[in-house]
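Analysis of the macromolecular model
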Amino acid sequence: MKIRIDDGWEFTSHWDDAFLEGSGCECRVRIPHTVKELPLHYIDPADYQMTAGYRRHLKFDVSEKDMRHSIRFDGAAHIADVWFNGTYLGTHRSGYTAFSFEITDHIHYGEDNVVTVRLDTTENGEIPPFGYVVDYLTFGGIYRHVWLESRPQLMIADAYITTPDLHTAVCELKMDGPYDNETLSAQVTDSDGRVIGSYSGRAENCTFRMRCPDAQAWEIDHPVLYTCTITAGSDQKQITFGFRTVRIDENHFYLNEKEVFIRGLNRHQCYPYVGYAVSDSLQVEDARILKEELGVNAVRTSHYPQSHAFIDACDRLGLLVFTEIPGWQHIGDEAWQKQAVVNTEEMVTEYRQHPSIVIWGVRINESVDNDALYTMTNEMAHRLDPTRPTSGVRYIENSSLLEDIYGYNDFSHSGANPGCKPKKDVTKEKKPLMITEANGHMFPTKSFDPWLKRQEHALRHARVLNAAMADGEHMGCFQWCMFDYPTHKDFGSGDRICYHGVMDSFRNPKTAAYVYAAQQDDVPVLEIGSPMDIGDYAAGNLSDIYAFTNADSVRLYKNGQFVRDFISEGWDGLKHGPILIDDTIGCLIANNEGFTGTKEKYVHEALQGAAKYGMADLPVRYKSMLAWCMLRYGMTYEKGVELYGKYVGNWGGDAVEWRFDAMKDGHPVKTVIKSPNTRLHLDVKCSGDVLYDSDTYDMAAVRIVIRDANGNTASYAQVPVHISVSGPAAIVGPDTVTAEGGMCGTYVRTTGESGQAAVTIHADGIEDVTVHLICKGGNLS
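Quick notes on the packing of aromatic side chains
- In this structure the tally under the stated criterion is 28 aromatic pairs.
- Residues Tyr136 and Tyr304 carry aromatic rings whose centres are separated by 5.7 Å and whose planes lie at 55° to one another, so their mutual orientation is tilted. With a gap of 168 residues between them, Tyr136 in the loop between β10 (112-120) and β11 (141-142) and Tyr304 in the loop between β24 (298-301) and α2 (308-317) connect regions that are remote in the sequence. Exposure class is identical for Tyr136 and Tyr304. Each is buried.
- Counting every residue linked through ring pairs, the aromatic cluster contains Tyr48, Tyr96, Tyr136, Phe139, Tyr143, Tyr276 and Tyr304.

Printed below as a string of structure tokens:
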């Protein structure tokens, strides 16, 4: 039996040994818990670094004496010392992996029992990732679930299932406890409970095979999961797994013997205000955003193993995962390195059952070569799991490659040069090359930056991904990163935020997000890089405009008149490359002015040149065209000025409405309209409308975008947004936030009661929006 014990914890932010004796409680908390809620900007890491204490009371009935009991912590940042009834059980020295202690011999049956945790949340240089600078915040708290496990004397210590082919499951079983001729049975069932494979034998250490001829493969687009129920004596364990194989060659990655280009983003596990401590539902929401909104097929859990709720969602959604040991550049002393090996062991044994995980990261992120250390981490990973390749993220070329895949942070692209380095310049090894980071700090972009920078941010992501997909020498590309995140003073902008994401901190999309979204075909995508407002162009001169879409073409209209169609050109790697909109005149002159032939061609090109360069800087080539038209056709200077004002400048004229239609198979599937307007409205998306409060709280993410009358993000709406909640829910963070680039967000958390809650979003001059939630459950102890 396994139950969560997330409710009813006592907490102190100032550990004192008296806390072991039952005094010193500051407040009662629920797990997941952060030791300190923090602001969105200008976080001081000292605010969450402390020695904290957690304490919980437990009761055990005398009828449970025949069982074995243990306490498991899924994640406590960062060094946890644990006592039970005053007896010291041990220390765990990593904030990113689970640990457990057996308490059977220390229980007072029928009496009060107490588990106590002393938690060092500081950046203690004795353990990874600490010891030098770290480009992310590490927060603190018991931020993942805590479990009480009760098992029979003979128990299943571990059961690891692999699938050497798509119809065979092999289980490596380890038992613990006194064996008395107990029997073993195992059944593999599908989601409907239908048995597709089975085994029976003796309940002892063994490896057994189950043939499952009706099994369906776990695929990216069809991630079928199965349950293996193992009964050994009176103990039982259920394991969720998928039938899938992983293989690499010199340049490629294969899932189930089909080549797959890994197209992903890096993800931190942090959230505004609460750091790492959020409900499972928000972890699931991040996986959904990656798969369904961003359209990627993979994620790297930079720079540490992440929540099982997140990885479980990747299993269900078909999202490939590259997970790695904690670390950031620094390698410490011998004890530190031994801990890195322990971290490798804990990561692999804890996470190896997830079919979504296809690569183990066994190297400290961006560290220098250390063959002695990385020989040990590689051997550990391969011994515990021979089915997956290893990799290690580095920023140096031709480094010592002990892993199976050369992971390389390729920050070479600067805008005008190739998107990535050729393989021959990175490694001479005949092993696959994978870009593990790109862009990021090379072109940090805020949601409130000018449109031209936001568009260039998107284009840089497109260029890197396109180059990696086109050259046939990269097996995948993880760019940096999914969303903006807080960091230390050594990095980031002045407010200590790394604006490296294709989304903001609340998971609202920037322009670059649509580069990824456009690579899928399930949902029509169309985003225009420019606001098309004349005042957003220097001297009113048009810059290149890009459309990000998964359609066949984009059709442009000006004030309802057809201009021309545009297609993606020059992107030989991307399935759907950005489309350059470089002609806002099209057939308008021919249709409206009656110009034909050379006259139409020259006037058209000259006006396009004027739109791009301005009349004052118009190149001689275009001036010659206008002069030729004046001489050949008697076109007057006044007519030229009229045409410029009508088709290019439009200063003082009526506002222009631009319509972009995404065309698929000859039909419009999505439309974007750009025109000046002042009627704003709130677009509020909530991650769920039903919250389940059971043994701990549930949460909903509320993403807020201010839009104009045409549905475009009002990026200049940098206004206060007020949030209020009624009913059995509470706001996480402040009740007044500022829209940045027209976007912001908040989080709502249940309070332990059932009922209906309402979240109202208000901004002056804009109609309020209220989101209604149903809070179910509620058994706060």
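Next comes the rest of the description.
As for helix α9 (residues 597-613)
- Over its 17 residues, α9 runs 24 Å from end to end, which matches the ideal 24 Å to within 8%, given 1.5 Å per residue.
- Taken as a whole, α9 has its buried residues at Lys599, Glu600, Val603, His604, Ala606, Leu607, Gln608, Gly609, Ala610 and Ala611.
- Of the residues flanking the end of α9, it is Gly614, one or two places downstream, whose phi is positive at about 85°.

Overview of empty space enclosed by the protein
- Applying the stated rule across the entire model yields 4 cavities of 30 Å³ or more.
- Leu40, Asp504, Ser505, Phe506 and Glu740 are the residues nearest the centre of the largest cavity, which is lined by 14 residues in total.
- Class assignment for the residues of the lining of the largest cavity results in 7 nonpolar, 4 polar and 3 charged.
- Put simply, the second largest cavity is a space of about 100 Å³.
- Around the second largest cavity, the lining comprises 17 residues; the ones closest to its centre are Leu40, Tyr271, Pro272, Tyr273 and Pro486.

Some details on the nonpolar core
- Residues Tyr54, Phe73 and Leu294 are the most contacted members of the largest nonpolar core, which totals 105 residues.
- Setting aside residues no more than four positions away along its own chain, Leu294 makes contact with Leu265, Ile289, Met482, Val502, Met503, Ala513, Tyr516 and Ala517.
- One finds Ile585, Leu588, Tyr622 and Phe660 within the second-largest nonpolar core, a separate group that totals 38 residues.

Remarks on the sheet that holds strand β14 (residues 168-176)
- Strands sit in the order β13-β14-β17 across an open sheet of 3 strands; the sheet is antiparallel. Because the sheet does not close on itself, it has two edges, and the strands there are β13 (155-165) and β17 (206-211). Strand-to-strand twist of the sheet, defined as the mean angle between neighbouring strand axes without regard to direction, takes the value 25°.
- Relative to β17, β14 runs antiparallel, the two sharing 6 bridges. Residue pairing in the sheet places Cys171 in a bridge with Phe208 of β17.

Let's talk about unusual backbone geometry
- Geometrically, the link from Ile31 to Pro32 is a cis peptide bond, its omega value of 5° lying close to zero.
- Here the amide bond leading from Ser302 into His303 is cis, since omega sits at -10°, within 30 degrees of zero.
- Look at Glu366: it is not a glycine, yet its phi comes out positive at around 60°.
- Examined against the element boundaries, Glu366 turns out to sit in the loop between β26 (357-361) and α4 (371-384).
- Not every positive phi belongs to a glycine, and Asp665 is a case in point at roughly 55°.
- One can find Asp665 in the loop between β38 (658-664) and β39 (667-674).

Examining a nonpolar patch on the surface
- A cluster of nonpolar side chains, Met630, Tyr637 and Val641, forms an exposed patch at the surface whose accessible area comes to about 310 Å².
- Within the secondary structure, Met630 is located in helix α10 (residues 620-633).
- A relative accessible area of 35% means that Met630 is categorised as partly exposed.

A few points about the environment of Pro432
- Tracing the backbone shows Pro432 in the loop between α5 (423-426) and β29 (433-437).
- Taking the C-alpha atoms as reference points, Pro432 and Ile248, separated by 184 residues in sequence, lie 7.3 Å from one another.
- Not counting residues within four places of it along the chain, the set of residues in contact with Pro432 comprises Ile248, Asp249, Glu250, Asn251, His252, Asp404, Ile405, Tyr406, Lys423 and Met475.

Reading the values: rules and limits
Along every chain, residues carry numbers that run from 1 in the direction the sequence is written. Given that this is a predicted model, residues contribute local features only at a pLDDT of at least 70 and side-chain atom pairs are listed and counted only at 80 or more, while totals for whole chains, interfaces and linings are drawn from all residues. As a rule here, side-chain values come from all non-hydrogen atoms in the structure, and water together with hydrogens is ignored. For Phe, Tyr and Trp, rings pair up if their centres lie within 6.5 Å, where Trp contributes its six-membered ring, and each pair is then called stacked (planes under 30 degrees apart), edge-to-face (over 60) or tilted (otherwise). The numbering of helices and of strands both runs from the N terminus, where a helix is a DSSP run of H or I of at least 4 residues and a strand a run of E of at least 2. Between buried and exposed lies partly exposed: a residue is buried under 20% and exposed over 50% of the maximum accessible area for its type, with that area taken using a 1.4 Å probe on protein chains only. Expected helix span is given by 1.5 Å per residue-to-residue step, counting one fewer step than there are residues. Cavities and pockets are defined on a 1 Å grid built over the protein atoms alone: a cavity is a set of grid points where a 1.4 Å probe fits but cannot escape, while a pocket is an open set with protein on both sides within 12 Å along at least five of seven lines, and lining residues are those with an atom within 4 Å of any such point. Grid points are joined across faces, edges and corners, and a volume is the space filled by probe spheres set on the points. Only Asp, Glu, Lys and Arg are considered charged in this grouping, and only Ala, Val, Leu, Ile, Met, Phe, Trp, Tyr, Cys and Pro are considered nonpolar; every other residue, Gly among them, is considered polar. We call a set of buried Ala, Val, Leu, Ile, Met, Phe, Trp, Tyr and Cys residues a nonpolar core when their side-chain atoms join them within 4.5 Å. We call two residues in contact when some of their heavy atoms are within 4.5 Å. DSSP bridges decide pairing: two strands pair if at least two such bridges lie between them. Throughout, an axis means a line fitted to C-alpha atoms (over the contacting stretch in the case of helices), and angles, computed between N-to-C directions, take values from 0 to 180 degrees. Like-charged residues are merged into a patch within 9 Å and nonpolar side chains (Val, Leu, Ile, Met, Phe, Trp, Tyr) within 5 Å, provided each residue has over 30% relative accessible area and no salt bridge. Method for areas: the Shrake-Rupley scheme with a 1.4 Å probe, in which residue coverage is limited to the protein chains shown. Should a side-chain nitrogen of Lys or Arg be within 4 Å of a carboxyl oxygen of Asp or Glu, the pair is scored as a salt bridge.

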